[in-house]
Amino acid sequence: MTTAQQLNTQFGIKGRLGFSEDSGLIIAEINNAQATASLCLQGAHLMAWRPKNQAVPVVWLSRDARLAAGKSIRGGAPVCWPWFGAHPSEADFPGHGYARTVPWQVIESGSEPGGATRLTLRLVESGKTRAQWPHAAKLDLTVIVGKKLRMELTTENTGTADFVISEALHTYLQIGDIGAVRVTGLDGCDYWDKVGGSVLRKQVGAISFSGETDRVYINTAAECVIEDDKLKRRIHVAKSGSLSTVVWTPWTEKAGKMGDMGQPDGWREMVCVESANAIENAVKVAAGTWHTLIVEYRAEPL
């Protein structure tokens, strides 16, 4: 296994990008003139992002988040791949796929012309991953940290047969209070309502929250905006290569059962607006081709 010291030698950028170890996992820490961010190499899991013009982070990490080998981290931007939700046929396979809990390796780092910091990671295949996903594939995540946060998830089919993936960047976004935000951009879109059964509904107006919400909006590439009255800011979520948007908050009962949401009320300070390809928007990746899901986040005053 590559050590933090070796990564600093090969990929570190003095004063901007460094690697350290925490609880047996390697963390990339970015601190440039525009923003700070941290990313765990296990799962290529972006844990936090705060532009320096924002008093509080834009990407939320639970204060009770735990770092442990083989375990997902509560908050940040988990990579859901190569399936979203439960596996279609194997109940014992992990929900949302294995990408968020296995090692990734750094393959590139650098500085963008405008001063942002770029980091690219590649999923490390193993016998265990191949047992769950018996296809020849390469998965890369590029993260560009600056005033904006850009994430590019690329699936390359390196084999001779087509395959189908579903995927998401399951981003937790920090808000003042779940009761004082609304999400715009999805008016008129159809969505699968996963609370109390899977029912197809149509969105009318902005989304507001008064209870558990778990919705998969389909056939939409629209930009979404989280309008936050308490923090007096807007978070823009713009995407491409994605036709599903997932909106999720666990609310009191489910959050209490999770145990790592930052009790008693940490869940009130986050909402997930996820860029995805799920259900009927699953993506067929033909042999010898690739698919890239791109999402860009920015914050501005309300």
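That block above? That's the structure.
In this report, we go over the structure that sits alongside the text. (Residues numbered from 1 in each chain as written. Predicted model: local features only at pLDDT ≥ 70, side-chain atom pairs only at ≥ 80, totals over all residues. Heavy atoms only, no water.)

### Quick notes on the sheet that holds strand β1 (residues 17-22)
Okay, so step 1: Taking strand neighbours across the sheet as the criterion, the 4 strands line up as β1-β2-β3-β4 in an open arrangement whose pairing is antiparallel. Each having just a single partner strand, β1 and β4 (45-51) make up the two edges of the open sheet. Ignoring which end each strand starts from, the neighbouring axes of this sheet average 15° apart.
Okay, so step 2: Taken together, the 6 bridges between strand β3 (residues 35-40) and β4 define a ladder with antiparallel strand orientation. Directly across from Ala37, in β4, lies its bridge partner Trp49.
Okay, so step 3: Packing of helix α1 (residues 4-11) onto the sheet brings it into contact with β1 and β2 (25-31), and relative to β1 it is tilted by some 175°. (Pairing = 2+ DSSP bridges. Helix = DSSP H or I, 4+ residues; strand = E, 2+ residues; numbered from the N terminus. Axes fitted to C-alpha atoms, helices over the stretch in contact; angles between N-to-C directions. Contact = heavy atoms within 4.5 Å.)

### Comments concerning the packing of aromatic side chains
Okay, so step 1: In the structure shown here, the tally under the stated rule is 9 aromatic pairs.
Okay, so step 2: Ring centres of Trp83 and Tyr98 lie 6.1 Å apart, and the angle between their planes is 80°; on these two criteria the pair is classed as edge-to-face. Here the residue Trp83 occupies a position in the loop between β5 (79-80) and β6 (104-111), and Tyr98 occupies one in the loop between β5 and β6, the gap between them amounting to 15 residues. Accessibility assignment for this pair places Trp83 and Tyr98 in one class, buried.
Okay, so step 3: On the basis of an interplanar angle of 85° and a centroid distance of 6.0 Å, the ring pair of Tyr172 and Trp248 is categorised as edge-to-face. With Tyr172 in strand β12 (residues 172-174) and Trp248 in strand β19 (residues 244-249), this residue pair connects regions lying 76 residues apart in the sequence. Residues Tyr172 and Trp248 agree in their burial class; the two are buried.
Okay, so step 4: By way of ring pairs, the aromatic residues Trp81, Trp83, Phe93, Tyr98, Trp133 and Phe163 are connected into one cluster.
Okay, so step 5: The side chain of Arg268 reaches across the aromatic face of Trp251, ending 5.5 Å from its centre. (Phe/Tyr/Trp six-rings, centres within 6.5 Å; stacked < 30°, edge-to-face > 60°. Buried < 20%, exposed > 50% of the residue type's maximum accessible area, 1.4 Å probe, protein only. Lys NZ or Arg CZ within 6 Å of the ring centre and 35° of its normal.)

### Quick word on the layout of surface pockets
Okay, so step 1: When its volume is computed, the largest pocket comes out at roughly 740 Å³.
Okay, so step 2: Taken together, 34 residues line the largest pocket, and the ones lying closest to its centre are Phe84, Gly85, Ala86, Gly95 and His96.
Okay, so step 3: Counting only elements with at least two residues in the lining of the largest pocket, the list comes to β10 (163-165), β16 (213-217), β19 and α3 (251-258).
Okay, so step 4: Broken down by class, the residue content of the lining of the largest pocket amounts to 19 nonpolar, 8 polar and 7 charged.
Okay, so step 5: In this structure, the second largest pocket spans a volume of roughly 330 Å³.
Okay, so step 6: In this structure, the second largest pocket is lined by 18 residues; those nearest its centre are Met1, Thr2, Leu41, Pro103 and Trp104.
Okay, so step 7: Among the elements of the structure, α1, β2 and β6 are those that each provide at least two residues to the lining of the second largest pocket.
Okay, so step 8: Among the residues forming the lining of the second largest pocket, the class breakdown is 11 nonpolar, 7 polar and no charged. (1 Å grid on protein atoms, 1.4 Å probe; cavity = no way out; pocket = protein on both sides within 12 Å on 5 of 7 lines; lining within 4 Å. Points joined across faces, edges and corners; volume = space filled by probe spheres on them. Nonpolar A, V, L, I, M, F, W, Y, C, P; charged D, E, K, R; others polar.)

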